[in-house]
Amino acid sequence: MQITEVTAKIEQFLLESLNHRYNGQVKSYYFTEEIELAARKVVNRTAKLELKFTGNPEFQKYVYRLPQTRIYYTLYQNLKSRIIFIDYFNVHILVFYGENAEATLLNRTRLKLLDIGRQVLLPAASSRHLSGGQQVFLAAPADLRKKIPSLLHLLNEIKRKEYALNPVGALQSENGDLLAAIDRNFARLKYIGAGGKLHPAVIESPLLLYYLELFLQTARFGPLLAFFQSEKVRAFFFGHSLRRLFLLRFKKFLEINQQKIPSWLAGLKAEGVKSEDSFEYLQQRLEPITAADRQKIQRFWEALNVPALEIYWQRRWNGDPAEFFAFLLLSVQLHFFWAERCRDKLFSMAKDEQKALLGLLFDLGRFAHFSLNGSFRVSSWMLNAHTKIQNHGLFEVDFHRFGKRTFSKLNNAADGISVKIDKAVEFQWDFERREMKLLPLIWRPPEATPDFKFHEMRVGSFVLRVPAVWEQFVVHINEARFKWIRKKRRFQLTVKAPQKIKDEIIVNGQTLNIENVYQKYFYPIPSQETRWYVRLYDRQGIGVEKCHARRSDLLIRGLALDERGIMHETVNFKVQNSKRNHKISTNGLQLHRLPVGRIPVAFRLTARRCQPLDGQIEDCEAYFKRMLLLSGVELLNKLVVWLAEEQKVFTVKEIFACKLGFVPKINVTYGKEFNPTSETINMLVSTTPQADIALLDGGEIRLQMRKTIKYWWIRPKALGEALERLFFIQKVVKI
């Protein structure tokens, strides 16, 4: 093949690859990594290949990344010459156009350089003079050079493998920007090499488990099995409880996807694996997540949002970012409505590679998140009007919206089971019992465990349990269709099924005698008490007992179950002494702020067939609110601690450094007068409170006032606890 033909095919390959569309629903995307209009140094992306020109001329430089790959294309051009570099890990290609230009090529790689036109090998770490015409060079490992029939074949093979490896390849969506963000973040991960091979140095990364989690969430088991072939790596994992928990999850994922389990993993059991009180252990363990766990996650989020603690949290992040990664994954898995705000909060503390991995795991979880807490669980964050499909090993997951309706589908190719429902649900699959349970994808307060009633449908040996919380819904189990409609105090069921399985259908313990598709079955609905599962939050997702936020930022989140067990996600909100009812969505994508005037205020929530729920919003102490809303830097500059008795200053400094992340100004007033000022936030640490007005009396912690100046009095032994109660809870509680 003539060299001109080779260069033409390379140019065509680059053009076609840049105009790439992830699927037929989105526009084409390409990624510009860098533009420099007056570049004098002509090097490839790794700076291992360099061209030196006589006179050191200027070039226009453009660096692109080919979409859905980690192939980088660098273009240098001026009036006399045009140079193209193509880089993919240890594969480097140089295309030189220079009719009237001369240059020296410096090869700083450890690879021999193949002159494609002359088929001559140039030694590694050498130089070569280039002049006139078109020339193409390849630097690649010897085994790879010998395998390829042509340069274009090599490029196409690399692109094919990259398309298969990139998580975008398993996703379909109308949201092209989201797909592009996943693609971009995947390309920024430095420990994933060619073919998905994990770099050995990843074992030293604090985010090791979350690199591996990425492969679990995308069902890429091959790179994980290759990574664990090393005895050193296996010993590293077997020697630590948290990493052993990950191996147990890995083993479970292999079993579910009917993959061969290697001998070194087959004998691993849960016995003897200790668990600790951390989000990392909570995210890795196989036991169900409890209401207490959910409350712990909510409390951590509330503390994470205190502006005054920004210095403290940044130091915590720098010391252990993995704990925050686990926290974010749990918030996605459990559908905390503030999860996206949590991602943004962590982004503000993260560095480049951390942001890429954090954003990638979060965005993949928005499509479909797979977990093993108690059973195999699949859920999705519904993005309005976007279709999502993810292949996870043997599973195909489909969550999409059409108009106002949401559809959820899970297909298991191995068992031949396909379940579809016209609602947003979480799938819970018990493989040993061949049972699946659906739960509505709704937000509920962390401490709440709604008592849903279920319809049980058995087709052959497969059992599906669906919550009886909707007025009507349609469920498909393979070819059988079950249409449920509430008719006053009973549910009406219409079944359509092929002749071959009509005798195998049992619903709520009753074997159905299906003669035609119009036959109806009725199931009574027992009466029950109304149950409200709602809480008051601010726009950031902070639980509110007394209002510390702007009135326009208050939300009601949760649901109500009426006397027939039907779920209500839209309620009527009415302020006391007001004639107007406001319809409020408590669970939708759109957050409805409460129409609250003055605070304190009493209100009432009502819904159809539900007993009313009365509540009250009280205001927060202004001094407390002012202290909470200061940034960490402002608090550092304004906080003054007064030590009224002889005690160790060093111990006090240690407590502040541990709880707040910084040491404030400390005034020692042994025998001197305590003299707070209005420009500062004052804390008096002494065994005896001053004889001033007590505004909030909490025993060992008091808010007091001297003349017009407010300050905190704290008993020395309660200093650490006081800081936690004042700053880690962004609401006033009775102390």
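Residues numbered from 1 in each chain as written. Predicted model: local features only at pLDDT ≥ 70, side-chain atom pairs only at ≥ 80, totals over all residues. Heavy atoms only, no water.

### Quick notes on the packing of helix α13 (residues 321-333) against helix α14 (residues 339-347)
Now for step 1: The contact between α13 and α14 brings their axes to 9 Å, and the two run at 160°. It follows from the interaxial angle that α13 and α14 lie roughly antiparallel. For the pair α13 and α14, the crossing hand works out as left-handed. On the side of α13, the interface is formed by Phe 324, Phe 327, Leu 328, Ser 331 and Val 332, while α14 contributes Ala 339, Cys 342, Arg 343 and Leu 346.
Now for step 2: Tallied by class, residues from the contact of α13 with α14 come to seven nonpolar, one polar and one charged. (Axes fitted to C-alpha atoms, helices over the stretch in contact; angles between N-to-C directions. Helix = DSSP H or I, 4+ residues; strand = E, 2+ residues; numbered from the N terminus. Parallel < 35°, antiparallel > 145°, perpendicular 65-115°, else oblique. Left-handed = near helix turned anticlockwise from the far one by under 90°. Contact = heavy atoms within 4.5 Å. Nonpolar A, V, L, I, M, F, W, Y, C, P; charged D, E, K, R; others polar.)

### Quick look at the sheet that holds strand β2 (residues 42-43)
Now for step 1: The strand order across the open sheet formed by four strands is β2-β3-β8-β11, and the pairing between neighbours is antiparallel. The outermost strands of the open sheet, each flanked by one partner alone, are β2 and β11 (127-131).
Now for step 2: Alignment of strand β8 (residues 102-107) against β11, held across five bridges, turns out to be antiparallel. Its bridge partner lying in β11, Leu 106 is registered against Ser 127. (Pairing = 2+ DSSP bridges.)

### Points about unusual backbone geometry
The phi angle of most residues is negative, glycine excepted, and most peptide bonds adopt the trans form.
Now for step 1: The backbone of Ala 47 sits at a positive phi, close to 60°, despite the residue not being glycine.
Now for step 2: Mapped onto the elements of the fold, Ala 47 is located in the loop between β2 and β3 (49-53).
Now for step 3: Note on Ala 47: relative accessible area 37%, which makes it partly exposed. (Buried < 20%, exposed > 50% of the residue type's maximum accessible area, 1.4 Å probe, protein only.)

### Focus: the packing of aromatic side chains
Now for step 1: In total, this model carries 45 aromatic pairs according to the counting rule given.
Now for step 2: Seen in terms of ring centroids, Phe 237 and Phe 246 are 6.3 Å apart; in terms of plane orientation they differ by 55°. Their pairing is tilted.
Now for step 3: Accessibility expressed as a relative area gives 0% for Phe 246, which makes it buried.
Now for step 4: Seen in terms of ring centroids, Phe 337 and Trp 443 are 5.2 Å apart; in terms of plane orientation they differ by 75°. Their pairing is edge-to-face. Residue Phe 337 is located in the loop between α13 and α14, and its partner Trp 443 is located in the loop between β21 (435-440) and β22 (454-459); the two are separated by 106 residues in the primary sequence.
Now for step 5: The ring of Phe 31 has Arg 65 sitting right over it, with the charged end atom 4.3 Å from the ring centre.
Now for step 6: The ring of Phe 336 is capped by Arg 294, whose NZ or CZ atom sits 5.3 Å from the centre of that ring. (Phe/Tyr/Trp six-rings, centres within 6.5 Å; stacked < 30°, edge-to-face > 60°. Lys NZ or Arg CZ within 6 Å of the ring centre and 35° of its normal.)

### Observations concerning the sheet that holds strand β32 (residues 554-561)
Now for step 1: What the three strands build is an open sheet, ordered β30-β32-β33; its pairing is antiparallel. Only two strands of the sheet have a single neighbouring strand rather than two, namely β30 (531-538) and β33 (567-568).

### Focus: the pattern of salt bridges
Now for step 1: Per the stated rule, a full pass over the model turns up 31 salt bridges.
Now for step 2: Its salt-bridge partner being Asp 115, residue Arg 118 comes within 3.1 Å of it at the nearest N-O pair.
Now for step 3: Residues joined by salt bridges that share partners form a network here, namely Glu 340, Arg 343, Asp 344, Asp 363 and Arg 366. (Salt bridge = Lys/Arg side-chain N within 4 Å of Asp/Glu carboxyl O.)

### Focus on the pairing of β30
Now for step 1: Within β30, eight of the eight residues are buried, which leaves it mostly tucked inside the rest of the structure.
Now for step 2: Neither face of β30 is exposed, since Arg 531, Tyr 533, Arg 535 and Tyr 537 on one face and Trp 532, Val 534, Leu 536 and Asp 538 on the opposite face are all buried.
Now for step 3: Bridge analysis of β30 against β32 gives eight bridges, and the strand direction is antiparallel. Bridged to Tyr 537 within β32 is Leu 555.

These figures come from the coordinates and say nothing about function on their own.
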